[in-house]
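Spelled out from the first residue to the last, the chains are:
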Amino acid sequence: MRKLYILITIFALCISISAQKRLSGNTPGLSKASIQRLEKDIPKFMKGADLPGFSIALIRDGKLVWTKGFGLRNAETQESITEKTIFEAASLSKPVFAYAVLKLADEGKIDLDVPLNKYLGNNYEVGADERLNKITARRVLSHTTGFPNWRNRDATTLPILFTPGERFSYSGEGFEYLRKVIEHIAKKPLEDFMKKMVFLPLKMNSSTYVWNARSKEVKANRHDSFGKLAGLDEDIEPNAAASLLTTPEDYARFLIAVLDGNGMKRQTRRAMLTPQVMVDEKCTNCTNRPVEKVSKEIGWGLGVGLETTTEGTSFWHWGDNGNIKAYFTASDKTKNGVVFFANGKNGLSFSDEIIAASIGGSHPALNWLGYERFDSPSRILLKEIIDKDIDTALKNYQERRKEGTEQALSESQMNRLGYNLMSIKRLDDAIRIFELNTNDFPSSANTWDSLAEANLNKGNKDVAIKHYEKSLLLNPANKNAEQKIKELKGN
């Protein structure tokens, strides 16, 4: 009996040591120094980005090896991020739904290449457009439906903007169409379908596509670009494209399932991670114009983005619900990956640093997305305006411009900076920024339109009219300027 007790004790000790090693980073491909670097650097990046909360999970050799939350889930109440905090996955909802659809295809209950209206028995909300017959589950999952990302709020029908299959154009509407079809086939609402196909099999116990009573207690709140509370966004309606609530640990379980091929036939997994279409190098959502240049590295599989470089293929996706951000990438070759969630508008502004420190490698998708960095010239100027004053900030900016063109803000960056200042009622500062933009880009109708808007908000009616007239002269098609002039002149 004593021998048995000793063996049990040794066995328990081994398990304990193993767990401590896993959490401390002593795993193949992930050193303790890597984790220490992340734990040290993430709070600094968050401060630079005015980001209240951040949570991350790392995968090594197909296993979850580390997860940690940083900062606050609510900047006003000062409640901390914990392992129980759930985040809006935003568009990271799409890959999880896609995985469930592919499992259903493996069961023979949906054919990826059969027109979806054949299953639904009607033309959905499209109307009499024959091109609907070309829209299949494969088209939806690869974002080649021709649908817009989201229809106009006042639209009575869902338009098809180009021939399905012609090119890549990101569309949440396509996923919602597919959701309706899947609910019809499965005879279950989205949440019940996802529980059966994904959440229960993968033990994603903290994940849901619907708002529930627990959500309000543990969900990370949204925060704006200045780190100020921007609401909880109590979504009630399930949405296959964007309503998933989850944790980094839960989401890592899903990524591991894809890396392992768990739940899918081999050929289905291969199709998921094979480019169905390559994206436009210069455009993430090209519904209204032809492709200019097709990327050689970035494509779309079935429900996931794909990066194909000399290092192999990685699957990835980003999430953006405005004041909340998310991202994952995972290598099919190394079985390493990372997923992170942020509860602020600037949550993707230091993605390069996170991925470099956690898994390394080349990730062209980050440049393709084009999110502004936390230490960009625009961000530095904004912080100086807020922390110091507009005169000092602009003087320092002009000095930096002399150092090289990379320090000079583009027209759109300067315009965005002005609107950021308007959003926090710094109207005088916003006017100074828009004035600088008109000096740098005097032939741009948009710069004059923005300057007019800022003056109008300030109460400078005559000045606003003058600038709207300048904008309309430069661009006679500027309906906004034309309408504002009529309103202000009382015509």
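As a reminder, the structure under discussion sits directly above these lines.
Here is a short report on the structure shown in this document. Residue positions within a chain follow its written sequence, with the count starting from 1. Local features are withheld for residues below a pLDDT of 70 in this predicted model, meaning they are given only at 70 or higher, and side-chain atom pairs are given and counted only at 80 or more; totals for whole chains, interfaces and linings count all residues. The side-chain values count all of the structure's non-hydrogen atoms but skip hydrogen atoms and water molecules.

**Regarding the pairing of strand E11 (residues 337–342)**
Our working definition: To sort residues, take the accessible area from a 1.4 Å probe on protein chains only and compare it with the maximum for the residue type: under 20% means buried, over 50% means exposed, and anything in between is partly exposed. Numbered from the N terminus, helices here are DSSP runs of H or I no shorter than four residues, and strands are runs of E no shorter than two. DSSP bridges decide pairing: two strands pair if at least two such bridges lie between them.
Within E11, six of the six residues are buried, which leaves the element mostly enclosed by the surrounding structure. Burial along E11 is two-sided: the residues Gly337, Val339 and Phe341 and Val338, Phe340 and Ala342 are all buried. Bridge count for strand E1 (residues 53–60) against E11 is six bridges, and the pairing is antiparallel. Paired with Ile56 across the strands is Phe340, a residue of E11. With six bridges joining them, strand E10 (residues 325–331) and E11 adopt antiparallel strand pairing. In the strand pairing of E11, Thr329 is matched with Val338. Here E10 hands over to E11 after five residues, with Lys335 in that stretch at a positive phi of 65 degrees.

**A closer look at helix H9 (residues 248–260)**
For the record, the criterion: For a helix, the expected span equals 1.5 Å multiplied by the residue count minus one.
The first and last C-alpha atoms of H9 sit 18 Å apart over 13 residues, in line with the 18 Å expected at 1.5 Å per residue. Within H9, 10 of the 13 residues are buried, which leaves the element mostly enclosed by the surrounding structure. Inspection of H9 places Pro248, Asp250, Tyr251, Ala252, Phe254, Leu255, Ile256, Ala257, Val258 and Leu259 among the buried residues, and these make up the whole buried set. Just downstream of H9, Gly261 is the residue with a positive phi angle, here 75 degrees.

**Some details on the side chain of Lys94**
Cut-off, in case you're wondering: Within 3.5 Å is the distance limit for a polar contact, defined as a pair of N or O atoms, with the added protein rule that one can donate a hydrogen and the other accept it, and that residues adjacent in sequence qualify only through two side-chain atoms. Working rule for contacts: check all heavy atoms of both residues, and any pair within 4.5 Å makes them a contact.
Along the chain, the position of Lys94 falls in helix H3 (residues 93–106). Of note is the side chain of Lys94, whose polar atom sits 2.7 Å from the side chain of Ser91. At 2.9 Å, the side chain of Lys94 forms a polar contact with the side chain of Tyr170. When sequence neighbours within four positions are dropped, the list of residues in contact with Lys94 reads His143, Tyr170, Ser171, Gly172, Phe175, Ala240, Ala241, Gly303 and His317.

**A look at unusual backbone geometry**
Notably, Lys335 is not glycine yet its phi reads approximately 65 degrees, a positive angle. Position of Lys335 among the secondary structure elements: in the loop between E10 and E11. When its relative accessible area of 25% is taken as the criterion, Lys335 is described as partly exposed.

**Points about helix H18 (residues 461–474)**
Relative to the 20 Å expected for 14 residues at 1.5 Å per residue, H18 spans 20 Å between its end C-alpha atoms, a close match to the ideal helical length. Residues of H18 that are buried: Ala464, Ile465, His467, Tyr468 and Ser471. Tucked into the core, H18 has its buried residues touching helix H17 (445–458) and helix H19 (479–489).

**Focus on the sheet that holds strand E2 (residues 63–74)**
Here is the rule we go by: Every axis corresponds to a line fitted to the C-alpha atoms, with the helix fit spanning only the stretch in contact, and the corresponding angles, defined between N-to-C directions, vary from 0 to 180 degrees.
Taken in spatial order, the nine strands make up an open sheet running E3-E2-E1-E11-E10-E9-E8-E7-E6, and their pairing is antiparallel. Unpaired on one side and paired on the other, strand E3 (79–80) and strand E6 (277–280) mark the two borders of the sheet. Pairing geometry for E2 and E3, over two bridges, is antiparallel. Bridge pairing in E3 places Asn74 opposite Glu79. Where helix H2 (residues 32–49) meets the sheet, it contacts E1 and E2, and its direction lies at approximately 25 degrees from that of E2.

**Looking at the pattern of salt bridges**
Rules: A side-chain nitrogen of Lys or Arg and a carboxyl oxygen of Asp or Glu constitute a salt bridge if their distance falls within 4 Å.
For the coordinates displayed, the defined rule picks out 32 salt bridges. With a closest N to O distance of 2.7 Å, Glu125 and Arg151 form a salt bridge. Of this pair, Glu125 sits in the loop between helix H4 (116–120) and helix H5 (137–141) while Arg151 sits in the loop between H5 and helix H6 (172–186), placing them 26 residues apart in sequence. When its relative accessible area of 33% is taken as the criterion, Glu125 is described as partly exposed. Between Lys402 and Glu399 there is a salt bridge, with the nearest N and O atoms lying 3.4 Å from each other. One end of the pair is Lys402 and the other is Glu399, both in helix H14 (residues 390–403) and three residues apart, which spans about a single turn. Relative accessible area serves as the criterion here: at 65%, Lys402 is assigned to the exposed category. Connected through shared salt-bridge partners, Asp352, Glu353, Arg373 and Asp375 make up one network.

**Digging into the side chain of Glu307**
Put simply, the test is: This count recognises Lys and Arg as positive and Asp and Glu as negative, with His and chain-terminal groups excluded.
Topologically, Glu307 is positioned in strand E8 (residues 305–309). Here Glu307 sits buried without a salt bridge, and the closest side chain of opposite charge, Arg60, lies 14 Å off (N-O distance). Side-chain polar atoms of Glu307 contact the side chain of His363, separated by 3.0 Å. In contact with Glu307, not counting residues within four places along its chain, are Glu297, Gly312, Thr313, Ser314, Trp316, Thr329, Ser362, His363, Pro364, Ala365 and Leu366.

**Remarks on the packing of H18 against H19**
Applicable threshold: Should an angle fall under 35 degrees it is called roughly parallel, over 145 degrees roughly antiparallel, and 65 to 115 degrees roughly perpendicular, with every other angle called oblique. The handedness criterion is simple: a crossing whose near helix is rotated anticlockwise from the far helix by less than a right angle is left-handed, and one whose near helix is rotated clockwise is right-handed. Charged means Asp, Glu, Lys or Arg here, nonpolar means Ala, Val, Leu, Ile, Met, Phe, Trp, Tyr, Cys or Pro, and polar covers whatever is left, Gly included.
Closest axis-to-axis distance for the H18/H19 pair is 9 Å, and the angle between their directions is 150 degrees. As far as their axial angle goes, H19 and H18 are roughly antiparallel. The chirality of how H18 crosses H19 is left-handed. Of the residues in H19, those in contact with Lys461, Ala464, Ile465, Tyr468, Glu469, Ser471 and Leu472 of H18 are Asn480, Ala481, Glu482, Lys484, Ile485, Leu488 and Lys489. Here the residues of the contact of H18 with H19 sort into seven nonpolar, two polar and five charged.

**Section: the packing of H17 against H18**
In the contact formed by H17 and H18, the axes pass within 8 Å of each other and the chain directions differ by 165 degrees. Taken as axis vectors, H17 and H18 run roughly antiparallel relative to one another. Relative to H18, the crossing made by H17 is left-handed. Taking contact as the criterion, the partners of Ala445, Trp448, Asp449, Leu451, Ala452, Glu453, Asn455 and Leu456 in H17 are, on H18, Val463, Ala464, His467, Tyr468, Lys470, Ser471 and Leu474. Of the residues contributing to the contact of H17 with H18, the split by class is nine nonpolar, three polar and three charged.

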